[in-house]
Amino acid sequence: MQRRTVIWKTPEISADGLKMFACAVMLLQTQKRYEDKIKAKKKAEIEAKKAAIHAEDMENGVFIPASSLPKKEPQKAPMPAKAAM
């Protein structure tokens, strides 16, 4: 039995085609880095705003941490009395 050989057919790629492909890849990478940088800045800004609002709420007494509340056991709510028929 003879061994079969595989013939790979490669597409014809011109130098200009490779240059255009390389440019497209570079643009996509640059765009991704730019978006990541902008997202990081925006996230930091939003977190800073949230922290400022949270601190203001704590000063005004709007937000009370659960750890500072008194410890109590859960209680059952009283059932309302039904009207006699």
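An account of the accompanying structure is given in this report. From a predicted model like this one, the values you see are computed outputs, not experimental measurements.

The helix and strand tally for the protein chain stands at one helix and zero strands. Its C-alpha atoms give the protein chain a radius of gyration of 33 Å, more than 25% over the compact-globule value 12 Å for 85 residues. Each of the three principal axes of the protein chain carries a C-alpha extent, and together these read 95 × 50 × 30 Å. Here the protein chain holds 85 residues, and 0% of them are scored as buried. Looking at the protein chain as shown, the accessible area adds up to about 9500 Å², and 63% of this sits on carbon and sulfur atoms.

Next up on the list: a nonpolar patch on the surface. Residues Met58, Val62 and Phe63 make up a contiguous nonpolar surface patch of about 290 Å² in total accessible area. Within the fold, Val62 resides in the segment after helix H1 (15-60).

In the structure shown here, the tally under the stated rule is one salt bridge. Ionic pairing is found between Asp36 and Lys32, a salt bridge with its closest N-O pair at 3.3 Å. Residue Asp36 and its partner Lys32 are both found in helix H1; the two are separated by four residues, about one turn of the helix. Here Asp36 falls in the partly exposed class, since its relative accessible area comes to 37%.

Between its first and last C-alpha atoms H1 spans 68 Å; for 46 residues at 1.5 Å apiece the expected length is 68 Å, and the two agree. Directly after H1, the chain includes Gly61, whose backbone phi takes a positive value near 80°.

Tracing the backbone shows Glu59 in helix H1. Judged by relative accessible area, Glu59 falls into the exposed class, the value being 69%. Each C-alpha atom of the pair Glu59 and Lys71 lies 22 Å from the other, and the pair is 12 residues apart in sequence.

The rules behind the values
- Residues numbered from 1 in each chain as written.
- Predicted model: local features only at pLDDT ≥ 70, side-chain atom pairs only at ≥ 80, totals over all residues.
- Heavy atoms only, no water.
- Helix = DSSP H or I, 4+ residues; strand = E, 2+ residues; numbered from the N terminus.
- Rg over C-alpha atoms; globule rule 2.2 N^0.38 Å.
- Buried < 20%, exposed > 50% of the residue type's maximum accessible area, 1.4 Å probe, protein only.
- Areas by Shrake-Rupley, 256 points an atom, 1.4 Å probe, with all protein chains shown as cover.
- Patch = residues over 30% accessible without salt bridge, like charges linked within 9 Å, V, L, I, M, F, W, Y side chains within 5 Å.
- Salt bridge = Lys/Arg side-chain N within 4 Å of Asp/Glu carboxyl O.
- Expected span 1.5 Å × (residues − 1).

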